[in-house]
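What the coordinates show
This is what each chain is made of:
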Amino acid sequence: IGISWDTNDYQPIPDWKPCRAYEKRNDEYGLFLVNYKMPMMSHGVSRFNPIPRALLRGRKHLDSVLLNPATAKELGIKDDEQVIVQTDKGRKQKGTAHLSERIHPEVVACSGHELNRGIDFNSLATLDDDTLDFVGGAIDGCILVKVYKV
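Below: a short report on this structure. Source: prediction; values computed, not measured.

Quick notes on the pattern of salt bridges
For the coordinates displayed, the defined rule picks out four salt bridges. As a salt-bridge pair, Glu28 and Lys146 come within 2.7 Å of each other at their nearest N and O atoms. Taken together, the residues span a long stretch of sequence, with Glu28 in the loop between helix 1 (20–24) and strand 1 (31–36) and Lys146 in strand 6 (residues 143–149) at a distance of 118 residues. A salt bridge links Asp128 to Lys89; its shortest N-O distance comes to 2.3 Å. Placement of the pair is Asp128 in the loop between helix 4 (121–124) and strand 6 and Lys89 in the loop between strand 3 (82–87) and strand 4 (92–99), with a sequence separation of 39 residues. You can call Asp128 partly exposed: its relative accessible area is 27%. With a relative accessible area of 33%, Lys89 lands in the partly exposed category.

A closer look at the environment of Ile84
Inspection of the secondary structure puts Ile84 in strand 3. Residue Ile84 is classed as buried on the basis of its relative accessible area, which comes to 13%. C-alpha separation for the pair Ile84 and Val65, spaced 19 residues apart in sequence, amounts to 9.3 Å. Those residues in contact with Ile84 that sit more than four places away from it in its chain are Lys92, Gln93, Lys94, Lys146, Val147, Tyr148 and Val150.

Observations concerning the environment of Ala21
By the secondary structure assignment, Ala21 is in helix 1. Take Ala21: its relative accessible area is 1%, and that puts it in the buried class. Ala21 sits 119 residues away from Asp140 along the chain, and the two C-alpha atoms are 9.0 Å apart. Excluding residues that lie within four positions of it along the chain, Ala21 makes contacts with Phe32, Cys142, Ile143 and Leu144.

A look at the pairing of strand 3
Taking burial as the measure, the six residues of strand 3 include five buried ones, the bulk of the element. The pairing of strand 3 with strand 4 spans five bridges and is classified as antiparallel. The residue of strand 4 that forms the bridge with Gln86 is Lys92. A loop of four residues connects strand 3 with strand 4, the two strands running antiparallel in sequence, and Gly90 in this loop sits at a positive phi of about 95°. Sheet analysis places strand 3 next to strand 6, joined by five bridges and oriented antiparallel. Looking across to strand 6, one finds that Gln86 is bridged to Lys146.

Digging into the nonpolar core
If you look at the biggest cluster of nonpolar residues, it comprises 18 residues, and the most contacted ones within it are Leu33, Val85, Val108 and Val147. Of all the secondary-structure elements, those providing two or more residues to this core are strand 1, strand 2 (65–67), strand 3, strand 5 (107–111), helix 4 and strand 6. If you tally residues by element for this core, the top one is strand 6, at three residues. Counting residues in each nonpolar core, the second largest holds eight residues, with Leu56, Leu62, Leu66 and Ile103 among its members.

Rules used in this analysis
- Residues numbered from 1 in each chain as written.
- Predicted model: local features only at pLDDT ≥ 70, side-chain atom pairs only at ≥ 80, totals over all residues.
- Heavy atoms only, no water.
- Salt bridge = Lys/Arg side-chain N within 4 Å of Asp/Glu carboxyl O.
- Helix = DSSP H or I, 4+ residues; strand = E, 2+ residues; numbered from the N terminus.
- Buried < 20%, exposed > 50% of the residue type's maximum accessible area, 1.4 Å probe, protein only.
- Contact = heavy atoms within 4.5 Å.
- Pairing = 2+ DSSP bridges.
- Core = buried A, V, L, I, M, F, W, Y, C linked by side-chain atoms within 4.5 Å.

These figures come from the coordinates and say nothing about function on their own.
See below:
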């Protein structure tokens, strides 16, 4: 076919290999953005349904940019402040920070879709040679970011 194809990932016993974000991490972009799913939301369709949206309004931790309190303190960010999450490829989104000990200090977490206060993970993901899993055809769900106050 004439396509250069790395076959190193085709192996019978899986092992851990660092993703692109892990290898390119630096002082400026040192956090990993991951997304989570909410039980009352089914993909992006439910975000337009008023009943699940009403459930989310009273639970800010389900629709925010989630940060570990220690990480937020280092960045000078307080609970309920507006923040920008910017990828190392220049994409950015504005959302509301919520601090939680349930989040690892090296991670920023958000819902898969923007609802009321959060950010849209899918808008920050890119599809290119760096983020494509050539074995399964999936996009790497770990995005290298920095977070700062608006």
